[in-house]
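Take a look at the letters that make up each chain.
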Amino acid sequence: MKIETLHNLFLKSTGVCTDTRKITKGCLFIALKGANFNGNVFAQEALNQGAYKVLIDDEKEHKNTGETILCKNTLTELQRLASYHRTYLDLPIIALTGSNGKTTTKELINSVLKQKYKTTATVGNLNNHIGVPLTLLSMTKETEMGIVEMGANHLREIANLCEIAKPNYGYITNFGKAHLEGFGSIEGVVKGKSEMYAYLIENKQHVFLNADDPLQNKILSTYIKKYGFSQVDKNYYKIKFIKADPFVKLKIEDTDVETQLIGAYNFSNISAAAIIGKYFNVSLWDIKYAIENYKPTNNRSQIIIKNNNEITLDAYNANPSSMEAALKTFSSNKLTSNNTSEKRKVAILGDMFELGSEAKKEHQHIADLAAELAIDKIILVGENFSTIKNESKKIIIFSSFQKLLEAFSSLGVKEASVLIKGSRGMALERVLDLL
């Protein structure tokens, strides 16, 4: 089927769906396949639930009633359809990637831009080869600005996502020790994330940057179409960090902005949203309002008060770079609630995944670092942390969450300031039920 024909069917539908549990009446169901599922076998179920058409790539499920559309590869067709739709809408697309802070930065950018524009942004972290197309297909003629988060754990993935989304603007949060198993090394991370810059430069599009990041400055040293922020370089928009104790306070031009985000590491995420808003003529008042009223959710640097415990829940994900930043912030932060001067600080840390051959070294480094910081008790959870060797009496190790669960009542984590952080697969938000 020609892409124009498929797109016309899409426009007649109520939208794309790839999960029969989320079928809406009149949708275009695209039957994707994965390692543990085959959407083709749910084709008839999707139709029974009200799907308008079903796109399949298994001839056994094809019906000659016009309800099913047979193609060679449904994932390829999903991506082609999304890219065609993006061109059809012809709207400005801002793409962002990076090792840490992508989703928080995306949410901040969206919060700022929606003060002036009708925006459509990536929902949650649907930022991969399926999520990016679904984000693009959620945009309509009413959308004035698209914000697309892009994630990757191998080379060429960002390049491919850029070919699908065709961004006009791009921002990289940072280069850190994330997905080392797939990228091979920190050099591989830089190369992989920089594929966004390569696309933008080749297509003469605009780049936003943190001009105080020497690596980003080096990569973009000769490129003209760039707009950035800096605390020191007068060639860029000046945004000044004031403090983070624990919430970040900064100055944009002559205006103080007090945020609900903890940690100095969030300063660059906030600044990126501010300069992007400035570039697109959002007023300084609206930028301030949007940033000050943004509150993190979804297990990302959330402050939760529970049973006299003050909890920093940062359990959405973790890698060595973000773990180190979180620990340093936690150890130096003042507490936010009243009468907390006597509270002990307890860090509950879960394994960091996708580190490959670097896993043992990086987990040892995090354990050693935590032991040196002003943290009273360090609880390490997971197989990787079980391999560390440190004589500190502050450290307690559990090889699994189940073993932590069985012993938790004896650990004395009460009326404490608690940091909870680990990779998504550890699901350490479950600790909340124990506190």
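Note that the coordinates shown come from a computational prediction; the quantities given were computed from them, not determined experimentally.

Definitions and limits used
Residues numbered from 1 in each chain as written. Predicted model: local features only at pLDDT ≥ 70, side-chain atom pairs only at ≥ 80, totals over all residues. Heavy atoms only, no water. Salt bridge = Lys/Arg side-chain N within 4 Å of Asp/Glu carboxyl O. Helix = DSSP H or I, 4+ residues; strand = E, 2+ residues; numbered from the N terminus. Buried < 20%, exposed > 50% of the residue type's maximum accessible area, 1.4 Å probe, protein only. Domains from an automatic or database assignment. Contact = heavy atoms within 4.5 Å. Buried area = accessible area lost by both parts, 1.4 Å probe. Pairing = 2+ DSSP bridges. UniProt positions renumbered as here; feature names shortened; annotations may be inferred. Expected span 1.5 Å × (residues − 1). Axes fitted to C-alpha atoms, helices over the stretch in contact; angles between N-to-C directions. Parallel < 35°, antiparallel > 145°, perpendicular 65-115°, else oblique. Left-handed = near helix turned anticlockwise from the far one by under 90°. Nonpolar A, V, L, I, M, F, W, Y, C, P; charged D, E, K, R; others polar. Disulfide = S-S within 2.5 Å. Core = buried A, V, L, I, M, F, W, Y, C linked by side-chain atoms within 4.5 Å.

**Some details on the pattern of salt bridges**
Okay, step 1: Following the criterion strictly, the structure yields 14 salt bridges and no others.
Okay, step 2: Residue Lys-421 pairs with Asp-314 through a salt bridge whose shortest N-O separation is 3.2 Å. Placement of the pair is Lys-421 in strand E19 (residues 416-421) and Asp-314 in strand E15 (residues 309-314), with a sequence separation of 107 residues.
Okay, step 3: By relative accessible area, which is 10% here, Asp-314 ends up buried.
Okay, step 4: Among the salt bridges present, the one from Arg-424 reaches Glu-429, with a minimum N-O distance of 2.6 Å.
Okay, step 5: A cluster of three or more residues bridged by salt bridges with shared partners is formed by Lys-249, Lys-251, Asp-256 and Glu-258.

**Topic: the domain arrangement of the chain**
Okay, step 1: Its domain assignment divides the chain into domain 1 (3-74), domain 2 (91-293) and domain 3 (302-434).
Okay, step 2: Summarising the inter-unit geometry, the C-alpha centres of domain 2 and domain 3 are found 28 Å apart.
Okay, step 3: Contacts between the two partners involve 18 residues from domain 2 and, on the opposite side, 19 residues from domain 3.
Okay, step 4: Around 1500 Å² of area is buried between domain 2 and domain 3 when both sides are counted, 55% of it from carbon and sulfur atoms.
Okay, step 5: Our enumeration of links across domain 2 and domain 3 arrives at zero salt bridges.

**Some thoughts on the sheet that holds strand E3 (residues 53-56)**
Okay, step 1: If you trace the four strands from one edge of the open sheet to the other, you get E1-E2-E3-E4, paired in parallel fashion. Strands at the two margins of the open sheet, each flanked by one partner only, are strand E1 (16-17) and strand E4 (68-70).
Okay, step 2: As defined by bridge partners, E3 adjoins E4 across three bridges and the pair is classed as parallel. Pairing of Val-54 across the sheet is with Thr-68, part of E4.

**With respect to the pairing of strand E14 (residues 302-306)**
Okay, step 1: As defined by bridge partners, E14 adjoins E15 across five bridges and the pair is classed as antiparallel. Paired with Ile-305 across the strands is Glu-310, a residue of E15.
Okay, step 2: Taken together, E14 and the strand that follows it, E15, pair antiparallel across an intervening segment of two residues, in which Asn-307 is found at a positive phi of about 50 degrees.

**A closer look at the UniProt feature "domain: Mur ligase central" (unreviewed entry) in the chain**
Okay, step 1: Per the UniProt annotation, the sites labelled "domain: Mur ligase central" (unreviewed entry) are residues 97-276.
Okay, step 2: Measuring from the first to the last C-alpha atom of residues 97-276 gives 15 Å, for a span that is 36% helix and 25% strand.

**Points about helix H11 (residues 267-279)**
Okay, step 1: With 13 residues, H11 ought to run about 18 Å at 1.5 Å a step, and its terminal C-alpha atoms sit 18 Å apart, in line with that.
Okay, step 2: For H11, the full list of buried residues reads Phe-267, Ser-268, Asn-269, Ile-270, Ser-271, Ala-272, Ala-273, Ala-274, Ile-275, Ile-276 and Gly-277.
Okay, step 3: Directly after H11, the chain includes Asn-281, whose backbone phi takes a positive value near 65 degrees.

**Notes on the packing of helix H6 (residues 157-165) against helix H9 (residues 195-202)**
Okay, step 1: Between H6 and H9, the least distance of the axes is 8 Å, while the angle of their chain directions is 40 degrees. Of the possible angle classes, the one that applies to H6 and H9 is oblique. Like other packed secondary-structure pairs, H6 and H9 cross with a definite hand, here right-handed. Here Glu-157, Ile-158, Ala-159, Cys-162 and Glu-163 of H6 lie close against H9, whose contacting residues are Glu-195, Met-196 and Tyr-199.
Okay, step 2: Here the contact of H6 with H9 is built from residues that sort into five nonpolar, no polar and three charged.

**Overview of the state of the cysteines**
Okay, step 1: Evaluation of the coordinates by the stated rule reveals zero disulfides.
Okay, step 2: Cys-17 takes part in no disulfide bond, and the closest cysteine sulfur, belonging to Cys-27, lies 4.9 Å away.
Okay, step 3: Owing to a relative accessible area of 0%, Cys-27 belongs among the buried residues under this scheme.

**Considerations on the nonpolar core**
Okay, step 1: If you look at the biggest cluster of nonpolar residues, it comprises 67 residues, and the most contacted ones within it are Leu-136, Met-150, Met-196, Leu-327, Leu-349 and Leu-380.
Okay, step 2: Sort the elements by how many residues they give to this core and helix H14 (residues 359-372) lands first, with six residues.
Okay, step 3: Excluding its chain neighbours within four sequence positions, the residues that come into contact with Met-150 are Ala-95, Leu-96, Thr-97, Lys-102, Asn-127, Val-132, Ile-158, Leu-161, Cys-162, Ala-165 and Met-196.
Okay, step 4: Judged by nonpolar contacts, the second largest core, of 34 residues, contains Phe-229, Phe-280, Ile-287 and Ala-290.

**Observations concerning the environment of Thr-87**
Okay, step 1: With respect to the helices and strands, the residue Thr-87 is situated in helix H3 (residues 74-89).
Okay, step 2: For Thr-87 and Ala-264, which are 177 residues apart along the polypeptide, the C-alpha to C-alpha distance reads 38 Å.

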